[in-house]
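Reading the structure
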Amino acid sequence: MTGRPYFNHFLLGDFVLGMEIEFPLFSLSSTLEKKKADIVFLLDGSINFRRGSFQEVLRFVSEIVDTVYEGGDSIQVGLVQYNSDPTDEFFLKDFPTKQQIIDAINKVVYKGGRHANTKVGLEHLRRNHFVPEAGSRLDQRVPQIAFVITGGKSVEDAQEASMALTQRGVKVFAVGVRNIDSEEVGKIASNSATAFRVGNVQELSELSEQVLETLHDAMHETLCPGVTDVSKGNVL
């Protein structure tokens, strides 16, 4: 589709050349669609990560937000830390700017605790974070993303809780660090494309490019609540 013809004159020596140029009716900015997403991080704050290692996890989260959140984007971020129980650090609705979100991430204090119950953490996200009261825009079809980083096996199986989130329309990313095998990580993630594993926290930075690419794809999907990812099986 084209716009109205524009008649332009170019002076070439002693000759004037008349040229008809047609400009399209869209601008460059319209082709560069801004990202929209609601992302809630669920971070293992148990002894699976020592205090220093947990700081590396926070740094990784901060770098993801800093990179993925570009000018003009509409990205909301929440964060929950968990051991045997979840603790709300902040909700999707709490901080409207990128810098406020990064500042809030950097202020999170390590909890500690003997056990990590990823199942309880995921259930908490479904009931208390991916809801309109917390700022979720699921009803506006904004992509919903849960991003789990865990350092060990959950004391309760987390697969059913993850499937319940997926059925609601939330894509679950899972990053396993250290004492957790790939099978366990796969049970938490929505599918194999959103499951990642590294041997230690220092290797998290090596995941950044792959994670960001997958996040970018997830943010440009139109999510349909109630549709379960087939790779996760059926939710009862």
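Above this text is the structure in question.
Along each chain, residue indices are assigned from 1 in the same order as the chain's sequence is written. It should be noted that, the model being predicted, local features are given only for residues of pLDDT at least 70 and side-chain atom pairs only at 80 or more, the latter also being counted only at that level, while totals for whole chains, interfaces and linings use all residues. Side-chain figures throughout are based on the complete set of non-hydrogen atoms in the structure, without hydrogens or water.

Helix and strand counts for the chain come out as seven helices and eight strands. The rule is simple: take the accessible area with a 1.4 Å probe, protein chains only, and divide by the maximum for that residue type; under 20% is buried, over 50% is exposed, in between is partly exposed. With 236 residues in all, the chain has 47% of them scored as buried. Nonlocal contacts in the chain, meaning residues at least 24 apart in sequence, comprise 73% of its contacts between residues at least 6 apart. The Shrake-Rupley method, run with a 1.4 Å probe sphere, supplies the accessible areas, and residue values consider only the shown protein chains as cover. Carbon and sulfur atoms provide 50% of the accessible area of the chain, an area that totals close to 12300 Å². A run of H or I in DSSP counts as a helix once it spans at least four residues, and a run of E counts as a strand once it spans at least two, with each numbered from the N terminus. Should any heavy atoms of two residues lie within 4.5 Å, those residues are counted as being in contact.

Attention shifts here to the pattern of salt bridges. Here a salt bridge means any side-chain nitrogen of Lys or Arg lying within 4 Å of a carboxyl oxygen belonging to Asp or Glu. The final tally for this structure, using the stated rule, is eight salt bridges. In this structure, Glu156 and Lys119 form a salt bridge, with 3.5 Å as the shortest nitrogen-oxygen distance. Of this pair, Glu156 sits in the loop between β6 (144-152) and α5 (159-168) while Lys119 sits in helix α4 (residues 118-128), placing them 37 residues apart in sequence. Judged by its relative accessible area of 33%, Glu156 is partly exposed. Under the relative-accessibility criterion, Lys119 is labelled partly exposed at 25%.

A word on the nonpolar core. As used here, the term nonpolar core means buried Ala, Val, Leu, Ile, Met, Phe, Trp, Tyr and Cys residues forming a set that is joined through side-chain atoms within 4.5 Å. Counting 40 residues, the largest nonpolar core has Phe41, Leu43, Phe147, Ile149 and Leu204 as its most contacted members. Where this core is concerned, the elements lending two or more residues are β3 (36-44), α2 (51-68), β4 (74-82), α3 (98-106), β6, β7 (170-179), β8 (195-198) and α7 (204-219). Take this core: its biggest share by element is eight residues, from α2. Leu43 has contacts with Phe54, Val57, Leu58, Val61, Leu79, Val80, Gln81, Tyr82 and Ile149, leaving out every residue within four places of it along the chain. In terms of nonpolar packing, the next biggest core, distinct from the first, is built from 21 residues, Leu92, Phe130, Ala146 and Val170 among them.

Taking strand neighbours across the sheet as the criterion, the six strands line up as β5-β4-β3-β6-β7-β8 in an open arrangement whose pairing is mixed. At either end of the open sheet lies a strand with only one pairing partner, and these are β5 (86-90) and β8. Each neighbouring strand pair of the sheet contributes to a mean axis angle of 20°, computed without reference to strand direction. Between any two strands, at least two bridges found by DSSP are needed for them to pair. Across nine bridges, β3 lies against β4 in parallel orientation. Across the sheet, residue Leu43 finds its bridge partner in β4, namely Gln81. Axes, fitted as lines to C-alpha atoms, cover a helix only where it is in contact. Angles between the N-to-C directions of the axes lie from 0 to 180 degrees.

Residues Ile101, Ile102, Ala104 and Ile105 constitute the buried set of α3. Projected down its long axis, α3 shows its buried positions confined to an angular sector of 160°, all on one face. Those residues of α3 that are buried lie in contact with α2, β4 and β5. Think of the arc as the fan of directions from the helix axis to the C-beta atoms.

Direction of pairing for β4 relative to β5: antiparallel, over a ladder of four bridges. Residue pairing for β5: Leu79 is matched across the bridge by Phe90. In this structure, the hairpin formed by β4 and β5 is closed by a connection of three residues.

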